[in-house]
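Listed here are the chains, written in short residue letters.
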Amino acid sequence: MRTPFVAGNWKMNKTVAEARELVSVMGKGLAVINNVEIVLCPPFVSILAVANLIGGTRLGLGAQNLHWEEKGAFTGEVSPAMVKEFCNYVILGHSERRTYFGETDLTVNKKIHAALKAGLTPIVCVGETLEENKAGKTAQVVSTQTKEGLQGLDAESAAKVVVAYEPVWAIGTGLAATADDAQQVHCDIVRKSLADQFGSDVAQKIRILYGGSVNAANAAEYFTKPDIDGALVGGASLKSDDFIAIVQAASN
Ligand code: 13P
């Protein structure tokens, strides 16, 4: 049995003061849901404030990126050990980083290795663009991102990774993938690639999240699907009631 997993990716939203306000409202409602692994991923500058607020609860904390090097002359970057001081998770390879910041399967791969070495759980994002989807390339794109991203991991490390299928066309658009379509990609593409690469026992252990316009109204249907183990939530994770409702749906 895979424990349900819901992460909130705040992206570049909320000042420290706003982050504190959101977590002080949302934290109590989330902390009582005890059968879901829940992770908040604020911007770097709010991580310390959120860590202080959720310390001692079962809520997890994640960063939205890291650099693969341990330290040195990399202006503006944050190392795995710096993230690990406060967090147990890190989102890697988000499509916004691939699109706007030059992230490739190779850099994602280096970051996954570095994150695992630092003791972090990587939440690795994969997903096709609208163009790729329309051209019938979903399987090719998603399986390549999965295989190249996780290249070189041993089975034990691979089992710790969380994969998030986030079709780019569904992110922030309100055009969520249907639960049936997401299930098909999770099962026939992502879990199959993982099984080809690491064997089916490992593939069965890896949590595969769906992300892309998940909201309080549509969340429950995803969680009825056998290969949808949770959600990576953007916009709705910034609204206390909505995020709690999504986590509640994962818990039911
Ligand atoms: P939305 O939930 O806002 O579509 O964002 C999804 C996402 O990119 C989470 O990482």
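Placed above this text is the structure.
Residues numbered from 1 in each chain as written. Predicted model: local features only at pLDDT ≥ 70, side-chain atom pairs only at ≥ 80, totals over all residues. Heavy atoms only, no water.

Peer 1: Is there a simple way to explain the overall build of the chain in this structure?
Peer 2: What the chain contains, in helices and strands, is 12 helices and eight strands. Relative to the compact-globule value of 18 Å for 252 residues, the chain shows a C-alpha radius of gyration of 17 Å, a close match. Seen through its C-alpha atoms, the chain measures out along the principal axes to roughly 45 × 45 × 35 Å. Within the chain, the proportion of its 252 residues that are buried is 53%. Across the chain, contacts joining residues at least 24 apart in sequence account for 72% of those joining residues at least 6 apart. For the chain, the exposed surface amounts to about 11400 Å²; the carbon and sulfur share of it is 53%. Looking at the chain, you have 23 positive and 27 negative side-chain charges, and the mean spots of the two groups are 4 Å apart. (Helix = DSSP H or I, 4+ residues; strand = E, 2+ residues; numbered from the N terminus. Rg over C-alpha atoms; globule rule 2.2 N^0.38 Å. Buried < 20%, exposed > 50% of the residue type's maximum accessible area, 1.4 Å probe, protein only. Contact = heavy atoms within 4.5 Å. Areas by Shrake-Rupley, 256 points an atom, 1.4 Å probe, with all protein chains shown as cover. Lys, Arg positive; Asp, Glu negative; His and termini not counted. Charge placed at Lys NZ, Arg CZ, Asp CG, Glu CD.)

Peer 1: How should the side chain of Ser 251 be read in this particular structure?
Peer 2: Along the polypeptide, Ser 251 turns up in helix 12 (residues 240-251). Aside from chain neighbours lying at most four places away, what touches Ser 251 is Ile 33, Asn 35 and Val 36.

Peer 1: What am I meant to see in the packing of aromatic side chains here?
Peer 2: What characterises a pair of aromatic rings is the spacing of the ring centres plus the angle enclosed by the ring planes. What the rule picks out here adds up to four aromatic pairs. Seen in terms of ring centroids, Tyr 100 and Phe 101 are 6.3 Å apart; in terms of plane orientation they differ by 80°. Their pairing is edge-to-face. Of the two residues, Tyr 100 and Phe 101, neither departs from the other in class, the shared state being exposed. With a centroid separation of 6.4 Å and an interplanar angle of 55°, the aromatic rings of Tyr 165 and Tyr 210 are classed as tilted. Residue Tyr 165 is located in strand 6 (residues 162-165), and its partner Tyr 210 is located in strand 7 (residues 207-211); the two are separated by 45 residues in the primary sequence. Among the residues examined, Tyr 165 registers a relative accessible area of 2% and is labelled buried. According to the relative accessible area criterion, Tyr 210 is buried, its value standing at 0%. Here a set of aromatic residues connected by ring pairs shows up, and it is made of Tyr 165, Tyr 210 and Tyr 222. (Phe/Tyr/Trp six-rings, centres within 6.5 Å; stacked < 30°, edge-to-face > 60°.)

Peer 1: Teacher, can you tell me more about the site of the ligand here?
Peer 2: Inspection of the region around the ligand gives 13 residues, with His 94, Glu 166, Gly 172, Ser 213 and Gly 235 positioned closest. Residue Glu 166 places a side-chain N or O atom 2.9 Å away from an oxygen atom belonging to the ligand. Between the ligand and Gly 234 there is a distance of 2.9 Å, counted from an oxygen atom to a backbone nitrogen or oxygen. Relative to its unbound accessible area of 310 Å², the ligand is 94% covered by the protein chains. (Near = heavy atom within 4 Å. Polar contact = N/O pair within 3.5 Å; in protein donor to acceptor, adjacent residues only side chain to side chain.)

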